[in-house]
Amino acid sequence: MAFTLKIRENGTQQEVFDPVRQKWVVMTPEEHVRQVFILYLLNVKKFPLSHLSVEHAVTVNGMTQRYDLVVFDDELQPYMVVECKAPHVKLTQQVADQAARYNAVLRAPIVCVTNGVERKLFRIDFENERICELED
């Protein structure tokens, strides 16, 4: 099944259909990046829709926060944490740290940060406490 970006006008704002949450959401620049990345995961990388989770709460250092996107493996364990930013936001250490904070709880082996223009992937080796950047 091929997934496509579905966009509609709702009054004065544009909305995009999120296939993961199964609802229409306001099309912000960050949301556009997230939805395009979701389509990439579904159509190119062939992850099942059931293995994706969007904007769920996690408790980080006693505070409730919401991650952008998590991809689960076949055992439904976190495989990749994805932090999405608007295209004008640079992928700085601060952005990577934000994703790392979520991942301290989720413990996924892959962390991705993207602004739709640029994407950085990191493999996390929890046992040896090492991080290495990946190509794809």
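For the structure, check the block above.
Residues numbered from 1 in each chain as written. Predicted model: local features only at pLDDT ≥ 70, side-chain atom pairs only at ≥ 80, totals over all residues. Heavy atoms only, no water.

Draft legend 1. Quick peek at the sheet that holds strand E8 (residues 78–84). Judged by pairing direction, the sheet is mixed, and its six strands sit side by side in the order E4-E7-E8-E9-E10-E11 without closing on themselves. What marks the edges here is a single partner per strand, and that holds for strand E4 (52–54) and strand E11 (130–134). Ignoring strand direction, the axes of neighbouring strands in this sheet form an average angle of 20 degrees. For strand E9 (residues 110–114) and strand E10 (residues 119–125), the ladder comprises five bridges, and the chain directions are antiparallel. Following the sheet pairing, isoleucine 110 is matched in E10 by arginine 123. Sitting on the sheet, helix H1 (residues 29–43) is in contact with E4, strand E7 (69–72), E8, E9 and E10, with an inclination near 150 degrees to E8. Across the face of the sheet, helix H2 (residues 93–106) comes into contact with E7, E8, E9 and E10 while running at roughly 150 degrees to E8. (Pairing = 2+ DSSP bridges. Helix = DSSP H or I, 4+ residues; strand = E, 2+ residues; numbered from the N terminus. Axes fitted to C-alpha atoms, helices over the stretch in contact; angles between N-to-C directions. Contact = heavy atoms within 4.5 Å.)

Draft legend 2. Looking closely at the sheet that holds strand E3 (residues 23–26). Taken together, three strands build an open sheet; the order of strands is E1-E2-E3 and the sheet is antiparallel. Whereas interior strands pair on both sides, the edge strands pair on one side only; in this sheet they are strand E1 (7–10) and E3. Ignoring which end each strand starts from, the neighbouring axes of this sheet average 40 degrees apart. With four bridges connecting them, E1 and strand E2 (residues 13–18) associate as antiparallel partners. Within E2, the position partnered with isoleucine 7 by the bridge is valine 16.

Draft legend 3. Seen up close, the nonpolar core. With 18 residues, the main nonpolar core has Phe37, Ile38, Leu41, Leu52, Leu69, Met80 and Val82 as its most contacted residues. Of all the secondary structure elements, the ones that give two or more residues to this core are H1, E4, E7, E8 and E9. Ranked by residues supplied to this core, first place goes to H1 with six residues. Beyond its immediate chain neighbours, meaning those up to four positions away, isoleucine 38 contacts Asp18, Pro19, Val20, Leu52, Val54 and Leu69. (Core = buried A, V, L, I, M, F, W, Y, C linked by side-chain atoms within 4.5 Å. Buried < 20%, exposed > 50% of the residue type's maximum accessible area, 1.4 Å probe, protein only.)

Draft legend 4. Summary view of the pattern of salt bridges. Inspection of the entire model under this criterion finds nine salt bridges. A salt bridge links arginine 21 to aspartate 18, with the shortest nitrogen-to-oxygen separation between them at 2.4 Å. A salt bridge links aspartate 68 to arginine 34, with the shortest nitrogen-to-oxygen separation between them at 3.1 Å. Highlighted residues: aspartate 68 in the loop between strand E6 (63–66) and E7 and arginine 34 in helix H1, separated in sequence by 34 residues. (Salt bridge = Lys/Arg side-chain N within 4 Å of Asp/Glu carboxyl O.)

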